[in-house]
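The chain contents come next:
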Amino acid sequence: MRRLGLAHDAGWSYSELADLYDVLRMQIEGACPGWRATRVKCSDGSHAFIGALGPVLVIMPDRRIYLGQLGTEASDGAVYWSGLSFVGGVVVFPSPNPSAPGTRQVR
Amino acid sequence: MRDLKDVERAFGDVAVAGDPVQRLLRPLLLRATQDPGLMRSLATHSLSQHLPFVGELLVEGQALEPRPLPSLSEFLSLAPGVEDAEEAYEFTKRLPATLRERVAVQLCVALESRALHDDAGLSLLAVARLLALAFDDLPYLTHVLAGREVAEFPADAVASGAPNPAPPLAKPPARSRRRKESPGLFEAVLEPEPPPHRRKK
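Quick look at the structure, then. Quick caveat: nothing in here was measured; it's all calculated off a predicted structure.

**Brief notes about the overall build of chain B**
A tally of helices and strands in chain B yields 11 helices and 0 strands. Helices and strands appear in chain B in the N-to-C order α-α-α-α-α-α-α-α-α-α-α. Within chain B, buried positions represent 46% of all 201 residues. Sequence separation of at least 24 residues holds for 66% of the intrachain contacts in chain B that already meet a minimum separation of 6.

**Overview of the pattern of salt bridges**
Summed over all chains, the structure comprises 11 salt bridges over all chains. A salt bridge links aspartate 9 of chain A to arginine 107 of chain A; the shortest N-O distance between them is 2.9 Å. Taken together, the positions of aspartate 9 of chain A in helix α1 (residues 2-9) and arginine 107 of chain A in the segment after β8 (104-105) put the pair 98 residues apart, joining distant regions of the chain. Here aspartate 9 of chain A falls in the partly exposed class, since its relative accessible area comes to 40%. Of the charged contacts in the structure, one is a salt bridge between aspartate 6 of chain B and arginine 9 of chain B, with a shortest N-O distance of 3.1 Å.

**Some points on helix α7 (residues 97-112) of chain B**
Residues and elements named next belong to chain B. For α7, spanning 16 residues, the distance from its first C-alpha to its last is 23 Å, which sits close to the expected 22 Å at 1.5 Å a residue. Residues of α7 that are buried include every one of Leu99, Val103, Ala104, Val105, Gln106, Leu107, Cys108, Ala110 and Leu111, and no others. Buried residues belonging to α7 abut α4 (47-60), α5 (72-78), α6 (85-93) and α8 (124-136).

**Considerations on the layout of surface pockets**
Residue and element names in this part refer to chain B. Quantified by volume, the largest pocket comes out at close to 250 Å³. Elements with a contribution of two residues or more to the lining of the largest pocket: α7 and α9 (138-145). Considering each element in turn, the lining of the largest pocket owes the most residues, 4 residues, to α9. Broken down by class, the residue content of the lining of the largest pocket amounts to 10 nonpolar, 4 polar and 2 charged.

**Structural notes on empty space enclosed by the protein**
Residues and elements named next belong to chain B. One pass over the full model with this rule turns up 1 cavity of 30 Å³ or more. Computed from the structure, the largest cavity encloses a volume of approximately 90 Å³. Taken together, Leu24, Pro27, Leu28, Arg31, Leu58, Ala134, Asp137, Tyr140 and Leu141 make up the lining of the largest cavity. Listed by contribution, the elements that provide at least two residues to the lining of the largest cavity are α2 (21-33) and α9. Broken down by element, the lining of the largest cavity gets its largest block of residues, 4 residues, from α2.

**Considering a negative patch on the surface**
Residue and element names in this part refer to chain B. Taken together, the side chains of Glu83, Glu86, Glu87 and Asp119 define an acidic patch exposed on the protein surface. Among the structural elements, glutamate 87 can be located in helix α6. Assessed through its relative accessible area of 44%, glutamate 87 is described here as partly exposed.

**Thoughts on the side chain of asparagine 97 of chain A**
All names here are of chain A. With respect to the helices and strands, asparagine 97 occurs in the loop between β7 (90-92) and β8. Judged by relative accessible area, which is 18%, asparagine 97 ranks as buried. Of note is the side chain of asparagine 97, whose polar atom sits 3.0 Å from the backbone nitrogen of serine 99. In this structure, asparagine 97 is in contact with Ala74, Ser75, Gly77, Ala78, Tyr80 and Thr103, ignoring residues within four places of it in sequence.

**Overview of the packing of α2 of chain B against α4 of chain B**
All names here are of chain B. Viewed as axis vectors pointing N to C, α2 and α4 meet at an angle of 135°, and their least axial separation amounts to 11 Å. By the angle between their axes, α2 is oblique relative to α4. Handedness of the α2/α4 crossing: right-handed. On α4, the residues touching Leu24, Leu25, Leu28, Leu29 and Thr33 of α2 are Leu47, Leu51, Pro52, Val54, Gly55, Leu58 and Val59.

**A short note on unusual backbone geometry**
Between aspartate 19 of chain B and proline 20 of chain B the backbone carries a cis peptide bond, its omega angle lying at 5°. Here proline 20 of chain B is to be found in the loop between α1 (4-16) and α2. Of note in this structure, arginine 63 of chain A is not a glycine but carries a positive phi near 75°. Residue classification places arginine 63 of chain A among the partly exposed positions, given a relative accessible area of 23%.

**What about the packing of aromatic side chains?**
What describes a pair of aromatic rings is the distance from one ring centre to the other and the angle between the planes of the rings. Residue and element names in this part refer to chain A. Enumeration according to the criterion identifies 4 aromatic pairs over all chains in this entry. Considering the side-chain rings of tyrosine 21 and phenylalanine 49, the 4.8 Å spacing of their centres and the 65° angle between planes classify their relative orientation as edge-to-face. Of this pair, tyrosine 21 sits in helix α2 (residues 14-31) while phenylalanine 49 sits in strand β2 (residues 47-51); the two residues are 28 residues apart in sequence, bridging distant segments of the chain. For the pair tyrosine 21 and phenylalanine 49, a shared accessibility class is recorded, and that class is buried.

Conventions adopted
Residues numbered from 1 in each chain as written. Chains lettered and ligands numbered in written order. Predicted model: local features only at pLDDT ≥ 70, side-chain atom pairs only at ≥ 80, totals over all residues. Heavy atoms only, no water. Helix = DSSP H or I, 4+ residues; strand = E, 2+ residues; numbered from the N terminus. Buried < 20%, exposed > 50% of the residue type's maximum accessible area, 1.4 Å probe, protein only. Contact = heavy atoms within 4.5 Å. Salt bridge = Lys/Arg side-chain N within 4 Å of Asp/Glu carboxyl O. Expected span 1.5 Å × (residues − 1). 1 Å grid on protein atoms, 1.4 Å probe; cavity = no way out; pocket = protein on both sides within 12 Å on 5 of 7 lines; lining within 4 Å. Points joined across faces, edges and corners; volume = space filled by probe spheres on them. Nonpolar A, V, L, I, M, F, W, Y, C, P; charged D, E, K, R; others polar. Patch = residues over 30% accessible without salt bridge, like charges linked within 9 Å, V, L, I, M, F, W, Y side chains within 5 Å. Areas by Shrake-Rupley, 256 points an atom, 1.4 Å probe, with all protein chains shown as cover. Lys, Arg positive; Asp, Glu negative; His and termini not counted. Charge placed at Lys NZ, Arg CZ, Asp CG, Glu CD. Polar contact = N/O pair within 3.5 Å; in protein donor to acceptor, adjacent residues only side chain to side chain. Axes fitted to C-alpha atoms, helices over the stretch in contact; angles between N-to-C directions. Parallel < 35°, antiparallel > 145°, perpendicular 65-115°, else oblique. Left-handed = near helix turned anticlockwise from the far one by under 90°. Phe/Tyr/Trp six-rings, centres within 6.5 Å; stacked < 30°, edge-to-face > 60°.

In structure tokens:
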């Protein structure tokens, strides 16, 4: 998270931030068998990383970064599974909700 | 048309599952939704139905030793009436050896289940793909099945007990024209200069 924050402050674009986190994620996964996060896309173009226990990291197109939870609907999760769509052969999540309970902006 | 309500149902089912099933199946479900081949296999089948079936195979078969894929005729003799048995066999045959042997043993166990023979709507090919996806991340699978703790995400690696990741020294994750115009991205992370105003839009 610290490195992600530094990259954010250095002006990286949102997709570059997501790619950076993906690289760091793979490093951590390689070293820590019990730490997993899966990268998904949201319909507004946001990138989200969803942890095995349900927490999420969201990187939005305007470069805002949020930490929250996976929920059923927008009212209970920053990323949620009601209203999924199917694009390019994969499942895409609805636009994230930064106002969901338990969500905080980190950048 | 794909039944996305069924995918939503799968997420809901995982959310209320107990451990270790939830920890096992949430990453598997997420990865499944991002796998075009698997989603294609499941086009007319139910992900929410296949996921717990595969979860059960993984939990109950954790002590099984990998074994070579039997011959096609032997395999098909285990799968009378299973519509896509040959496709599942061909898919498994193409997997790398270590993955293939793990999937093979579980598929043979799956074929002993009545669920695959009872016209319950299960696809053996989808089961094979889900098993391959699960075994593709063997360290996590073994970790969870052994009952070990799953680390917090996305807390800082140090805080979560994971080693602090080294800064990637190789090329940046993706090349872009824009990147060439800006200071090296990884250098920027290590020594964050604030040049956003100098970056070309």
